[in-house]
Amino acid sequence: FFLLGLSNFQRDRLSEQQTYRIGAGSTIAQHLLLPVLAAGQVTKGAPRFAVETVGPSEAERRLHDLTLDFAVVTTASLSRPLQSAEVGAWCLRLWVPRRLCRTEKAALRAHDRGELSFVIAREAGSLELGSIGDRQPLLTCESFVDALAAAEPGTLAVYAPDFLKPPGGEKAFLRLDL
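Note that this is a predicted model, so its numbers are computed, not measured.

### A short note on the packing of aromatic side chains
With the rule as written, the count across this model stands at five aromatic pairs. Each ring, one from tyrosine 20 and one from phenylalanine 49, has its centre 6.3 Å from the other, and the planes form 40°; the classification is tilted. Of this pair, tyrosine 20 sits in strand E2 (residues 19-24) while phenylalanine 49 sits in strand E3 (residues 48-53), and the two are 29 residues apart along the sequence. Seen in terms of ring centroids, tryptophan 90 and phenylalanine 144 are 5.8 Å apart; in terms of plane orientation they differ by 90°. Their pairing is edge-to-face. Of this pair, tryptophan 90 sits in the loop between strand E5 (83-86) and strand E6 (92-97) while phenylalanine 144 sits in helix H5 (residues 144-151), and the two are 54 residues apart along the sequence. On the basis of relative accessible area, tryptophan 90 is assigned to the buried category, the value being 14%. Given the relative accessible area of 2%, phenylalanine 144 is considered buried. The rings of Tyr20, Phe49 and Phe70 are connected pair by pair, giving a single aromatic cluster.

And the structure:
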């Protein structure tokens, strides 16, 4: 994922106390951005942050409108004069409920044949999803957190980032690195 922002951040942060607005998808905000910001040192004169949930196109528009100062997105493409810097990397994993397939080999076979019903998040929209091919998800959710919750009963496979696990983890699901 990439951090998009305005080129004058370094200059501005030295000049006065300010609250910087950061936009991100809900999964990135909840599991990566908020923990990092909350762990930061609070000192007198340190910048303050406000985090908002936004999609990638809204993030870019709001950066241009100056209603966001930064955005964390999953694509590096952006329009001028915005600048980006890579701040991390992740990939999708397919988690298959063990009640559907007992072994990784059986899960791979079911996947290759298109026999797995799955849930995916709209947040995956800009990612490379070659392993899905022309298959359509049974359920589409707004965020990866929602998709994991939908997969919890064990009736659907779920695509999720490698930094998240479904409820029950590897006891309840097989992880396929496609």
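### So, the sheet that holds strand E7 (residues 118-121)
Two orientations exist for strands paired in a sheet by backbone hydrogen bonds: parallel and antiparallel. In space, the five strands of this open sheet follow the order E8-E7-E9-E6-E10, with mixed pairing throughout. Taken across any chain shown, the strands that pair with only one partner, and hence form the sheet edges, are strand E8 (139-141) and strand E10 (173-176). Shown here is a sheet whose adjacent strand axes are inclined to one another by a mean of 30°, direction ignored. Relative to strand E9 (residues 157-161), E6 is paired through four bridges, and the arrangement is antiparallel. Bridge pairing links arginine 93 to alanine 160 in E9. The sheet strands contacting helix H4 (residues 104-112) are E6, E9 and E10, and the helix crosses E10 at an angle near 65°. Against the sheet, H5 contacts E6, E7, E8, E9 and E10, and its axis sits at roughly 150° relative to E9.

### Considerations on H4
Since the α-helix advances by 3.6 residues per turn, residues separated by three or four positions end up pointing in the same direction. Within H4, the full set of buried residues consists of Ala107, Ala110 and His111. All buried residues of H4 project into a common sector of 100° when viewed along the axis, lining one side. Opposite the packed face of H4, turned more than 90 degrees from it, sit the exposed residues Lys105 and Asp112. Of the surrounding elements, those touching the buried residues of H4 are E6, E9 and E10. Two residues or fewer after H4 comes glycine 114, characterised by a positive phi angle close to 75°.

### Comments concerning the pattern of salt bridges
Using the criterion set out here, one finds eight salt bridges in the structure. The residue arginine 62 makes a salt bridge to glutamate 58 at a minimum N-O spacing of 3.8 Å. Placement of the pair is arginine 62 and glutamate 58 together in helix H3 (residues 56-65), with a separation of four residues, close to one helical turn. Assessed through its relative accessible area of 11%, arginine 62 is described here as buried. Look at glutamate 58 and you get partly exposed, because its relative accessible area is 31%. Close ionic contact of aspartate 177 with arginine 93 constitutes a salt bridge, the shortest N to O distance being 2.8 Å. A residue pair is termed long-range when its members are at least 10 positions apart, and aspartate 177 in the segment after E10 and arginine 93 in strand E6 qualify at 84 residues. The partly exposed category is assigned to aspartate 177, whose relative accessible area is 45%. One continuous salt-bridge network, built from bridges that share partners, spans Arg93, Asp162, Arg175 and Asp177.

What counts, and where the lines are drawn
- Residues numbered from 1 in each chain as written.
- Predicted model: local features only at pLDDT ≥ 70, side-chain atom pairs only at ≥ 80, totals over all residues.
- Heavy atoms only, no water.
- Phe/Tyr/Trp six-rings, centres within 6.5 Å; stacked < 30°, edge-to-face > 60°.
- Helix = DSSP H or I, 4+ residues; strand = E, 2+ residues; numbered from the N terminus.
- Buried < 20%, exposed > 50% of the residue type's maximum accessible area, 1.4 Å probe, protein only.
- Pairing = 2+ DSSP bridges.
- Axes fitted to C-alpha atoms, helices over the stretch in contact; angles between N-to-C directions.
- Contact = heavy atoms within 4.5 Å.
- Arc of directions from axis to C-beta.
- Salt bridge = Lys/Arg side-chain N within 4 Å of Asp/Glu carboxyl O.

Purely spatial values, then, with no claim about function.
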